[in-house]
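One letter stands for each residue in the lines below.
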Amino acid sequence: MGKARRRQRQGARRSSGDPWAGSAFGPAASRGPAFGRSASGTSTTDAEPSAAEVRGVLFELLGEASDALDRADEHGLDVVAASVAALCSAPTTQRTVVMALVDSLTTATTHAWQLGWQPADLHRLVGRRLGAPDQQVVVDVMSHELAQYAAATVDRRWFAQLRELDDRPPAPRSSTWIDARRAGGTDWFTLVSQIVSLLHLLARLPALERLTSLPGEALPGEAAPGQQEPRDAASPAADERILSRVRMLLAKAESTTFEAEAATFTAGAQSLMARHSIDAALLDRDADRPDRNGPQGRRIGIDNPYEGPKAVLLQAVASANRCRMVWSRELGFGTVVGFEPDLDAVELLFTSLLVQATRTLAAAGSRSTLHGGSRTRSFRQSFLSAFADRIGERLHEATAHEEEAAVAAHTGGRELVPLLAARAERVDETLGSWFPEVRQARISAARDAEGWHSGRSAADRAELGAARGLEGS
């Protein structure tokens, strides 16, 4: 088995209880006797087994797989996977086993939604604990589970997440996603190993904050719990035009090889999003419906290496856009809480800044000590820490500039300051209700002076004033 899978098995031992609890596998008492087998493994009957007998044998084997995963027993898991694969290969048992596996994974995924997980969250965790091939399997499972609901009753962002994860056409209704994978060339042993590991992971998920309505419960037009009415019909189109302009600026920032240009384009994107956020706040005030769109949450991935400085960068971007962020280090994401226009800004800017910082680090190359030892990791850790620190300062400056301009430009603009303060208070209240026991985390201090100064320099190349001329480009 691969290294990633071994790590998942070792991590699984930290949890307790039956990993199949609450799933279609049921308790041990429901596992029927092995048909056609004696203690020595020889055949005891030529009668075709019933579907109940096949499921009983399958559940017994899956229980053994659970024990093997808990013990990190790779050989034991391989033996079980081979046995299940044999059931899948036999014409008399294949359909029963395939449908039982599909139903069990579907049930486990439904339970994950109830625990607060969303498609992007599961995909991210499977990648961290298992691997890329297993991510493709979990996408198939999630697509099958969500296909059970009327599209209008599923939060629009869930389908958007699935589209970003995989744009393949769905499997024909006449077959299952397991059949499709078999037709694509995956052998039974590999497929069963992936299914068993995925079931084990899903059965041990922790509960998260529920950020949206569950599939099947969302109202048409609903974006998140707490909204009193759908957004104005013209609002999504207007928001998309602004986001398209922001993406254009950030794409330019990511493509240029000149750091000064990249900083200017990034500052332009921040100014545009800050102005959009202010306009949205004023629109809600003028329409006299401050509760129409309350604070929401969005989980954004924070991956190794250098996850600490990346978390600091996400916090800096969130703070500059009037949001709060809570880092779930073990699960590999930060939950950003804020109003929807601000969340859009945070996600776009953070993703783009990571691209820019990574490109600069790659160009900087490796570093070594006077004695020939490597200090590349220390250099990069310090670089990203300083980059996050200075970027946060510059984004705050851009946001403050747009607020001052809005106060001067709007009639009754002085009301903007208390209005934004009230929205910030609502964000804090939402954060407190979702994370009542949040605590401050300490990130390792930067120790490489060259890396620190290089990171500050990379984030400090251009004047912010130049950004305002870029909006129409």
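Here's what I pulled together on the structure shown here. From a predicted model like this one, the values you see are computed outputs, not experimental measurements.

Looking at helix α5 (residues 119-129)
Thought 1: Three or more residues of α5 are buried, namely Pro119, Asp121, Leu122, His123, Arg124, Leu125 and Val126.
Thought 2: Its buried side turned inward, α5 meets α4 (94-114), α6 (132-146), α7 (156-165), α9 (188-202), β1 (296-301) and β3 (333-338).
Thought 3: Positive backbone phi, approximately 160 degrees, marks Gly131, located one or two places after α5.

So, unusual backbone geometry
Thought 1: In the segment running from Asn304 into Pro305, the intervening peptide bond is cis, with an omega of 0 degrees.
Thought 2: Among the secondary structure elements, Pro305 is positioned in the loop between β1 and α12 (307-320).
Thought 3: Phi at Ala72 is positive, roughly 55 degrees, even though this residue is not glycine.
Thought 4: Positionally, Ala72 belongs in the loop between α2 (51-71) and α3 (74-89).

Concerning α4
Thought 1: Here α4 spans 31 Å end to end across 21 residues, near enough to the 30 Å set by a 1.5 Å rise per residue.
Thought 2: Looking only at α4, the buried set comprises Val97, Val98, Ala100, Leu101, Val102, Ser104, Leu105, Thr106, Ala108, Thr109, Ala112 and Trp113.

Focus on the environment of Ala424
Thought 1: Assignment of secondary structure puts Ala424 in helix α15 (residues 416-434).
Thought 2: When its relative accessible area of 32% is taken as the criterion, Ala424 is described as partly exposed.
Thought 3: Separated by 86 residues in the primary sequence, Ala424 and Gly338 place their C-alpha atoms 8.1 Å from one another.

Topic: the packing of α3 against α9
Thought 1: Here α3 crosses α9 at 120 degrees, and the two axes come no closer than 8 Å. Regarding α3 and α9, the two cross each other, and that crossing is right-handed. Only Trp188, Phe189, Val192, Ser193 and Val196 of α9 make contact with α3, whose side of the interface consists of Leu77, Asp78, Ala81, Ala82, Val84, Ala85, Cys88 and Ser89.
Thought 2: A class-by-class count of the residues in the contact of α3 with α9 yields 10 nonpolar, 2 polar and 1 charged.

A look at the pattern of salt bridges
Thought 1: What the rule picks out here adds up to 16 salt bridges.
Thought 2: Residues Arg181 and Asp140 are paired through a salt bridge, measuring 2.7 Å at the closest nitrogen-oxygen approach. In this pair, Arg181 sits in helix α8 (residues 177-183) while Asp140 sits in helix α6, placing the two residues 41 residues apart along the sequence.
Thought 3: It is possible to trace a salt-bridge network through shared partners that takes in Asp121, Arg124 and Arg299.

Conventions we followed
Residues numbered from 1 in each chain as written. Predicted model: local features only at pLDDT ≥ 70, side-chain atom pairs only at ≥ 80, totals over all residues. Heavy atoms only, no water. Buried < 20%, exposed > 50% of the residue type's maximum accessible area, 1.4 Å probe, protein only. Helix = DSSP H or I, 4+ residues; strand = E, 2+ residues; numbered from the N terminus. Contact = heavy atoms within 4.5 Å. Expected span 1.5 Å × (residues − 1). Axes fitted to C-alpha atoms, helices over the stretch in contact; angles between N-to-C directions. Left-handed = near helix turned anticlockwise from the far one by under 90°. Nonpolar A, V, L, I, M, F, W, Y, C, P; charged D, E, K, R; others polar. Salt bridge = Lys/Arg side-chain N within 4 Å of Asp/Glu carboxyl O.

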